[in-house]
Structures are given as C-alpha cells and as structure tokens.
Amino acid sequence: MAPAHPLLWRSLRVFQVYGANTDVGKTVFTTILCRAAKLIWRREHAAFLKPVSTGPGDEADDLHIERHAPGVVRRTLLQYDLAMSPHAAAKGKPVPSDIDLLSRVHQFASRRAARGPGWLFVETAGGVHSPGPSGTTQADLYAALRCPVVLIADSKLGGISLTISAFESLKLRGYDVETVLVFRDDKYDNEQYLKDYFTSHHGIAVASLPAPPPKINRDADTEIMSKYYEEESESTATRKILDHLDRRHQARIDRLDSMRAGAHRQIWYPFTQHKLSSPDNIVVIDSARGDFFQTLVSEPKRAIHINQPILQPSFDGSASWWTQGLGHGNPLLTMSAAYAAGRYGHVMFAGAIHEPALALAETLLHGMKSARLTRVFYSDNGSTGVEVAVKMALRAARTRYGWAASTDIGIIGLKGGYHGDTIGAMDCAEPSTYNENIEWYNGRGIWYEYPSVKCVRGQWNIEMPDALKADLGDDQVFESLSDVFDLDARRTKYKHRAYEEYIERTLSQHLSNGRRFGALLMEPVVVGAGGMDLVDPLFQRALVDVVRRSATLFDARHRPGNPDPTCWSGLPVIFDEVFTGLYRLGRFTASSFLGTEADVSVHAKLLTGGLVPLSATLASENIFKAFESDDKADALLHGHSYTAHPVGCQVALESMQQMQAMEGRGEWDWTKDSDWSGSLGGRTRGKAGLWSIWPWDLLNWVSNQIRCVAGTWALGSILAIHMKAADGTGYKSNAALKLQTFLRDGDGDGEERWNVHSRVLGNVLYIMGSQKTTKEDVGEIASLVRRALVVAH
C-alpha cells in the first residue's frame, strides 16, 4: 500500500476541525463554515468529511450537514452505532489499519480536488486525543495528512485549560492551528481570555460566534437551528473567518512555491557544488512523519493540472544522513524533548550533573556490555566525538610510552575510512575528495587496504584488492553472510594468519622508518562515507589483535607485564560507531560483530533517534586515568557550550529505551524468517545473529544484474548497491545517478504518486530504512528498486 498522502491542492482548501473536548460544538461550527463557504463562493463546491463517527446512524453528523447545509457534499467513512470512543465502539467489528483509514480520507479529498476549486472540512471525533478505531489517538493518527487545523475551544467551565492543552498537543505534533473558534458565553467569558492568550502568545486569531439556542423539542429544534445557521453563515464574523482561512491557504502555497528560489539565493549547502546546482535540484520538505518526507512536487509534474496534489510522500532513503531510527515526528521523542526543555532548558555541565546526562551514560555503558568502557564524554556530533576520542587515545599512548608532547603521532586506519569534517577528524583520514582541497589538511597516519564483502550472483564474495592478492590470496566465496561473520570458525583457517602476517609486516615497515602511532581508529564492519563498503570482519579483527599484542613494536623500551584485561595494550583501539552503532546494523554495538571491544567508542546519529544532535564518546578507566595529574593543564581541555545539553540527553535516553524495548519484544523477528533472510542468515544464522529489513530475494535478484551491478549487500536497515562504473569507483563517479533519478521520479501517477529520496556515494546507491520501517513499505520500495534497475540500466 502506498504511504499516507498529505492533503494539499491549489484548488481545494482543506481544514481539519479538532475540538478541545467532546461536546464543544465542532459540528455546529463546521456546519456554519460549510454553509457559508457554499454561499460565498457560489461557483465552487463545499464538502464535509467525517472519517469516524460513533452513535446511532440517524444522529450522524453528516445528516446534520445534509439538513442544515444543503448542497454541501457530505460523507462518513466509518459509522459505529455505539455512542462512545471509536476504539471502544469498534470492538468486535472490522477495524481498518491507520494507513487504510488515511488512504480513504485522501481518496475522498482527491476526488473533491478533481472537481475544481472548493472547500473541504474534515471533522474529527471527540477531543484531540480521542482514540481512533485502532487505538491510535487522533492527534497522532491524522498528523501525516498535514492538514491545517480549526480548533474549537471549550466555552464551558474548565474550558480554558482544556483548550490550551489541546492546542499544545497539536503543536507538539507539528500541526498548524490557523484559528481558534469559540462560542460566546457571558457566564464564564472564556472567549476574552483565549483571545488575549492566543493572540499574545502565538499570534493566532480567535473568533467567536453566538452559541446555538437552547433545545426545546426535535421539531422545534430543527426550525430554530435552521434560522440560527442562516443568520450565522451570513454574518460578517463568519465571512472574516473564511477569508482568513482562504488567505492562510494561499500563503502556505506561495511560501512553498518560493522556497526553492529563496534557498538557492541564500543557503550554502553541505557537500554541494553550487555552480552545478539550480533551484530545480532543491527538495522542498514541508513536513515529515514516520519514514516519509512530504515534499513539494517538481514544477513540470505539478504544472500538468492545477487540481493535482502539491505535495507527495518521499521515503527518506538516506535516513536523513543516517540519523533517523524511530520515525520522523515520533511523539515520544518529541515529548522527551519538550519535557527536558521545560525542566531545564540548557544548564552548565562542567562540574555539574543532571538526571538525563547521568541516566543516558548509565544506559549506554550497560548497553555496550563492555568490561572496558566506564566513562562517557558528551559532545555535539560525530566529528567532534571522534576528535575527543583521538585526543584521549593519543594522550594515553604518549604518556605510557614517554613520548614528548611535540612528537608527531599518527593513527592507523582503513583506506576510505572517514570520521568527520572538522580539521582534526579529517587528519585521521587518507587524502581523498573530501579533504584534499582543504588548506589545513595534513593526513596523519597509515591506512590499510582491506578485503570487502559483496553479494554477487547470489553468493557472498570476499573481494581482495589487486594490490593485496600477492599477500592475501584470491577472493573467497561463502554460502551465507553469517558464514562470513562466523569469526570463531574463520580464525582457525589460513586466511586469518595471512591477514595478521600482512598487517604486522606492513606495520613493522612503517615503524622501522621512524613513524609513531598513537591509536587504531576504524568504523567497525562498514566504511560509510568512504563508499558504503562492507569490510571483511575477519580483517578488522586481525587488525585489532595485531595492534594489541604489539606493544614492543610501538616502543622497543616498553616491557608489558600482565596487565588488567580491561586496560589497553599496544595502542588504544577507537571504534567510530557514529554510523554503524546503536542498531543501525541490527545490534546495540557494531563491535559485537568483531568479537572484540574498543578502548574508546564514539556514538551519535541514531543516538537520539534522528531528532537532535548529540554525541557520546565512551572510554575505559585506563584511558581516563591518563589525564589525571596535579596540573590542571593535563586535563582533557575539551568541551563546548552545549555539552550534555539536557534536551539531547533526554531524547537519547528515550531513543535508547525505545530501541532496546523493540529488540526485547522481538519487533524485528519478521526479518529473521528463513523465507525473508535467505542466505543472509544461512545455516549459522542463529549463532551470528544477522538480520536485515531488506529481503534476500531482492538482494539475490540485484546481485544477478551483472550487466550494471558490481555487487550488493544488506545488514540491519542498510541496503547498498555498488554499480559498475566506467568512470571509476569513488565519490566523483556518476554511475549511480540514473538509478537515483528513477527512484526520485517515483511510483504511481497523480494522486497516488510517491518516490524515494536517496543519496549516492559515487558509484554506490544506498537505501536506509529506520528501525521502524515496515515489511509492507520495504516490499513497495523493493519493487521500485527492481523497476529502476531494469529501466535505468
């Protein structure tokens, strides 16, 4: 099923009517608005939609519309005969999924838009958080539709509090409340307070209308209400309300239309050659929900007909640069951020502590299950987190080996490894497109070529770089990816010894030339920005083992005794898990794939579930003590103004707890079914514990497109497709652009159109789901990928 579509057309003004509570007059106000819209805009149509209604059918709100707003098209999608909350009224009856209900709402709205200019008022049931049929509260259920809201205030005793609470609930979920309507009531005078409050605090217009006359009996009530509706639909106040809504609708469209050009004039984008860019290349994101952006349809497609939708769902195929894990607009993360902002704002951290920072540190250390890691240092993003890690490791190595502060110390890493864009982090990477033009760049280290893993023709190959074949032998073939990750079995074989001998021999050559190294730094399992390469885990394990046992290589004077097994040996080992950690590959820590632990570990991106920036650098006690001294200048003199900001820490804590709970409940078990996982898991799947949201039949099919595909792999929520490249592999290659363009052009036509927003790394196109991506959405995207490869190549 296609994802939920937003309700925005040039021709159709759509507004959702929410009530601060039940029985506040939603239907009365909506009837007035429908009737007035039909009266004032005589050449346009007006419509009323009630997605869910409860109570006897002869008392349904759409019949009220029919009676008092003739000529207005009305529809109720679901009618339950019990007058109670929809989730309770629906018990024992067919209950549509949330996405099915949203699809039906969109279908009705799109049919109205196809009729030309008009109005549509979508009335909810009960209050803002009244549950829908599935149990999802309406504020969450309808958020993906991105409808501007008319909020009906409660004019009764206690109504001020209920109205403000309802507004805040909507605001927290990204709704735009365009106006607040309330009945006049001289007794409680909620009207005046709400006008003052919303005008001064939020700049939102509040309008009031006379309350309906008291009920007498059914026949008299019909006549009295007809007169009431006639008067109020023709009133100046109602006309002003609709004029305001009309202007707000047009202003929203005008702003969206102008954003590409405005951004092109004023924004300096990351990783963008602006000379090759134009406004047409800019993606306007109106909102995001779950795994999808709501993006502005490109001009050529939108110009086909003014009754076509302005926005479309776009699958967030880069997980917003690898940060997204729990869905955009996740209400629990949003509440966590609001809670911490309200409780703390930001507070000074040096020499202080607050609950979110301590609780997150405890959660991270417990989740890592590492006997080595005992300390947590907070910073603001992955790049600075790596800089902190490097400072920690180099100081520890220098003090142990007695090197002078002026000693030129490098790091050991992998070719293509990239750890961030700040100067220090860039110096930890080999010269590349990312850094070779940076004036202060000075690569400090050595970088090993490595064997990589790809699925080719349905088999898992460990591909050996040509330069290493003399030392390490030819490519290897495995039946399953789990066999590749079965390091206990593979470490007994010749290849492991060959890896270690090659690493030690190369390292000795550099050391004999006078080089000094202070740390091993690498991304465990996957080299991300360097090309989305799945590294042979045995090679990384061998690299760690050689470094840890080679203390005398790094300083011949050093005579290791029998150290604490939690202390670093040889050199400190830094794992940059900014990308690969915290369930991106299916596990809390990517280090577990290598069967070893880091002395320093860096985490970001998924740390906060994709909501706010934060990084945590975890270190061993042995590393921590390297900075202990009677001289303050020997401390780790690093930090920034927003260190351990409470909002980030609270959100990260909620993110970690959600993902750990998902793992505990087995929410990813569907990926481990043998029909889904195929040779990803293989015979040793249970032991290796590998899973992917991307099905084996897709990988197998892609891997057999040998005319254009060099290989593919999937793990956790990542799918990587390595295209054959006549212009060479690497960041400058254009080999994956055709595939990216097809995915951007999308699936479906007109009202049902959606696409995949993706990023490429040279000849590699990757698609990354969140940890909440559904099996159904994966199936839709997999079908689109198949068609893209056939058509684009």
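Refer to the structure above for everything that follows.
Note that the coordinates shown come from a computational prediction; the quantities given were computed from them, not determined experimentally.

J.: Describe helix α28 (residues 737-745), and please don't skip the residues or the numbers.
T.: Among the residues of α28, L739, F742 and L743 are the ones counted as buried. For α28, the angular spread of the buried residues around the axis is 95°, confining them to a single face. On its buried face, α28 sits against β24 (718-723), β25 (755-757), β27 (764-768) and α29 (775-792).

J.: Mind laying out the pairing of strand β4 (residues 118-123), listing which residues take part and the relevant values?
T.: In regular strands, side chains alternate between the two faces of the sheet. Within β4, six of the six residues are buried, which leaves it mostly tucked inside the rest of the structure. Alternating residues of β4 divide into G118, L120 and V122 and W119, F121 and E123, and every residue in both groups is buried. As judged from the six bridges shared by strand β1 (residues 12-19) and β4, these two strands associate in the parallel manner. In the strand pairing of β4, F15 is matched with F121. The sheet contact formed by strand β2 (residues 45-54) and β4 spans five bridges and is parallel. Bridge pairing links F48 to F121 in β4.

J.: Help me get a handle on the packing of helix α2 (residues 61-68) against helix α8 (residues 218-233), residues and values and all.
T.: Across the interface, α2 lies against α8 with an axial gap of 10 Å and an inter-helix angle of 70°. Classed by the angle they form, the pair α2 and α8 counts as roughly perpendicular. Two secondary-structure elements touch here, α2 through H64, R67 and H68 and α8 through T222, M225, S226 and Y229. Each residue belonging to the contact of α2 with α8 can be placed in one class, and the counts come to two nonpolar, four polar and one charged.

J.: Describe the sheet that holds β1, with residues and values.
T.: One open sheet holds the seven strands; their spatial order is β3-β2-β4-β1-β5-β6-β7, and the pairing between them is parallel. One side of each edge strand has no neighbouring strand; the edge strands of this open sheet are β3 (73-80) and β7 (205-209). Averaged over all pairs of adjacent strands, the angle between strand axes in this sheet comes to 20°, irrespective of strand direction. Running at roughly 165° to strand β6 (residues 177-183), helix α9 (residues 236-266) makes contact with β1, β4, β5 (149-152), β6 and β7 of the sheet.

Reading guide: rules and limits
- Residues numbered from 1 in each chain as written.
- Predicted model: local features only at pLDDT ≥ 70, side-chain atom pairs only at ≥ 80, totals over all residues.
- Heavy atoms only, no water.
- Buried < 20%, exposed > 50% of the residue type's maximum accessible area, 1.4 Å probe, protein only.
- Helix = DSSP H or I, 4+ residues; strand = E, 2+ residues; numbered from the N terminus.
- Arc of directions from axis to C-beta.
- Contact = heavy atoms within 4.5 Å.
- Pairing = 2+ DSSP bridges.
- Axes fitted to C-alpha atoms, helices over the stretch in contact; angles between N-to-C directions.
- Parallel < 35°, antiparallel > 145°, perpendicular 65-115°, else oblique.
- Nonpolar A, V, L, I, M, F, W, Y, C, P; charged D, E, K, R; others polar.

Spatial relationships are all this shows, so hold off on functional conclusions.
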